[in-house]
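A closer look at the structure
If you want the building blocks of each chain, they are given just below.
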Amino acid sequence: MSGVFGFSQAFNTEQQVQITLRRVGHHMLLASGDSTSRVLPIEKMDNRYKVPFAAEFAFDPDQIITLVDSLVQQAGIANGYIVEMEECSTGNVVHSYEVSSKTKKEDVACKGRTLPKACYNLFFTILDENNQPYALHADSAINTYANTDNTSGTNYIKFGLLGILLLVVAILYMRRRRHAIAEPIEQEEPVEQREPEQANNEHIIAIGAYQFNKHNMTLSMNNESVELTGKESDLLLLLHTSANHTIDRDVILNEVWGDEGDYIGRTLDVFISKLRKRLEGDPNLKIVNIRGVGYKLIVDR
């Protein structure tokens, strides 16, 4: 756990956070023996990131601690954070821990039995250098604070107001969590109990003029629908998650093909060509090649 509690000055973007969390989800499934199920798109909820999964799995709490810490440190996206594992059907938090400057090593390395196979969501909250939940906006930096002039009273006022705001957010957040744990019966009903149309709509993403059903892996426009392969679906989701931002070629290969080792040099180019044909009905959508770097999905608004 060395190096966890010092706050770095590295700039990290929203894109890096989401890619790292997708990698966390991917390795969690591999650790449970599942190499085929998908990690669904990351959802940002206030100061928290939700990592949903397409399939049920079992997990070892000790293994989660080691896995998350290793990948978060490797990516450098956060030095302080909270991890929560929530059961989908009840909304109960079945495992959680905090890594921060105030956390002792023995407090983090909690022992626990392996939790049974079920539907789980992983929640990840970034903490700032004051151990408060930190809201990251697209293309902004985390764990980064500008150097201030000790003689500047204006800067002191700004940081003081920011500290008060973060404290209020933390209090509201903790109250909401206590309420959710104390009254699990009033949690949102499971997806399988909702109306079919409502559950289905949650899987639909608007990409330009197209409607992408990430569950059925279909792409629709003007009452015409085509089915995508698993890799086409994963690639489109990744490009959409970082729309108008370049994704490195190596990152795409790792996220879509992972450790499967079933791709060659031209595989990605072939799949990009297929997706371009799928999206050619909307002239405002373009997948461009950033030479020597990777690819970018451009969405003209």
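Everything in this summary refers to the structure shown in the same document. (Residues numbered from 1 in each chain as written. Predicted model: local features only at pLDDT ≥ 70, side-chain atom pairs only at ≥ 80, totals over all residues. Heavy atoms only, no water.)

**With respect to the overall build of the protein chain**
Worth spelling out the cut-off: Helix and strand labels come from DSSP, where a helix needs a run of H or I of at least four residues and a strand needs a run of E of at least two; each type is numbered from the N terminus. For the exposure calls, accessible area comes from a 1.4 Å probe over protein chains only, and a residue counts as buried if that area is under 20% of its type's maximum, exposed if over 50%, partly exposed in between. Working rule for contacts: check all heavy atoms of both residues, and any pair within 4.5 Å makes them a contact. Per-residue accessibility takes into account occlusion by the displayed protein chains alone, with areas from the Shrake-Rupley method and a 1.4 Å probe.
When helices and strands are counted, the protein chain shows 8 helices and 14 strands. For the protein chain, with 301 residues in total, the buried portion stands at 43%. In the protein chain, of all internal contacts separated by at least 6 residues, the share reaching a separation of at least 24 is 63%. About 16200 Å² of surface is accessible on the protein chain, with carbon and sulfur atoms providing 51% of the total.

**A few points about the state of the cysteines**
For clarity, the threshold we go by: Disulfides are defined in this document as cysteine sulfur pairs within 2.5 Å.
Within the structure shown, the criterion is met by 1 disulfide. Covalent S-S linkage joins C88 and C119, the inter-sulfur distance amounting to 2.2 Å. Residues C88 and C119 are joined by a disulfide whose S-S torsion is about -70 degrees; by sign, that bridge is left-handed. One end of the pair, C88, is in the loop between strand 4 (80-87) and strand 5 (93-99); the other, C119, is in the loop between strand 6 (115-118) and strand 7 (120-127), with 31 residues separating them in the sequence.

**Some thoughts on the side chain of R38**
Let me state the cut-off plainly: Under this definition, polar contacts are N or O atom pairs within 3.5 Å; protein pairs additionally need one hydrogen-donor-capable and one acceptor-capable atom, and for neighbouring residues in sequence, both atoms have to be side-chain atoms.
Counting through the fold element by element, R38 comes out in the loop between helix 1 (14-31) and strand 1 (43-45). Residue R38 is classed as buried on the basis of its relative accessible area, which comes to 15%. A polar contact of 2.8 Å, which involves the side chain of R38, links it to the backbone oxygen of K214. With near-sequence residues (within four places) excluded, R38 lies in contact with L29, F53, A54, K214, S233, D234 and L237.

**Points about the sheet that holds strand 12 (residues 247-248)**
Keep this limit in mind: Two strands make a pair as long as DSSP finds a minimum of two bridges between them.
Pairing is antiparallel across the open sheet formed by 3 strands, whose spatial order is 12-14-13. What marks the edges here is a single partner per strand, and that holds for strand 12 and strand 13 (285-290). Judged from the 2 bridges that link them, strand 12 and strand 14 (residues 294-299) form a sheet pairing that is antiparallel. Each residue of the ladder has a partner; that of I247, found in strand 14, is Y295.

**So, the packing of aromatic side chains**
In plain terms, the rule: Side-chain rings of Phe, Tyr and Trp (the six-membered ring for Trp) are treated as a pair once their centres are within 6.5 Å; stacked means planes under 30 degrees apart, edge-to-face means over 60, and tilted covers the remaining angles. Look at NZ for Lys and CZ for Arg. If either is within 6 Å of the ring centre and within 35 degrees of the ring normal, a charge sits over the ring.
Here the structure, examined in full by the defined rule, presents 6 aromatic pairs. Taking 5.6 Å as the distance between ring centres and 65 degrees as the angle between the ring planes, the aromatic pair formed by F57 and Y120 counts as edge-to-face. Of this pair, F57 sits in strand 3 (residues 57-59) while Y120 sits in strand 7; the two residues are 63 residues apart in sequence, bridging distant segments of the chain. F57 gets classed as buried once you look at its relative accessible area, which sits at 2%. For the pair Y81 and F124, a centre-to-centre distance of 5.2 Å together with 25 degrees between the ring planes defines the contact as stacked. Residue Y81 is located in strand 4, and its partner F124 is located in strand 7; the two are separated by 43 residues in the primary sequence. An aromatic cluster of at least three residues, connected via ring pairs, comprises F53, F57, F59 and Y120. When the ring centre of F123 is taken as origin, the NZ or CZ atom of R48, which lies over that ring, is 4.0 Å away.

**Some words on the nonpolar core**
Generally speaking, soluble globular proteins have nonpolar side chains that are buried together. The condition that has to hold: Only buried residues count toward a nonpolar core. Its members are Ala, Val, Leu, Ile, Met, Phe, Trp, Tyr and Cys residues joined through side-chain atoms within 4.5 Å.
Core analysis: the largest hydrophobic core is formed by 32 residues, its most contacted members being M28, F53, F57, V68, Y81, L122 and F124. Among the secondary structure elements, those contributing two or more residues to this core are helix 1, strand 2 (48-51), strand 3, helix 2 (61-75), strand 4, strand 5, strand 6 and strand 7. Element by element, the count of residues in this core is highest for helix 2, at 6 residues. The residues contacting L122, other than those within four sequence positions of it, are V24, M28, Y49, K50, V51, F53, V83, E84 and M85.

**Examining the sheet that holds strand 2**
Threshold: Lines fitted to C-alpha atoms define the axes, with helix axes restricted to the stretch in contact, and inter-axis angles between N-to-C directions lie between 0 and 180 degrees.
The strand order 1-2-7-4-5 describes an open sheet built from 5 strands, whose pairing is antiparallel. Only two strands of the sheet have a single partner each, and these edge strands are strand 1 and strand 5. The mean angle between the axes of side-by-side strands here comes to 20 degrees, regardless of whether they run parallel or antiparallel. Pairing between strand 1 and strand 2: 3 bridges, direction antiparallel.

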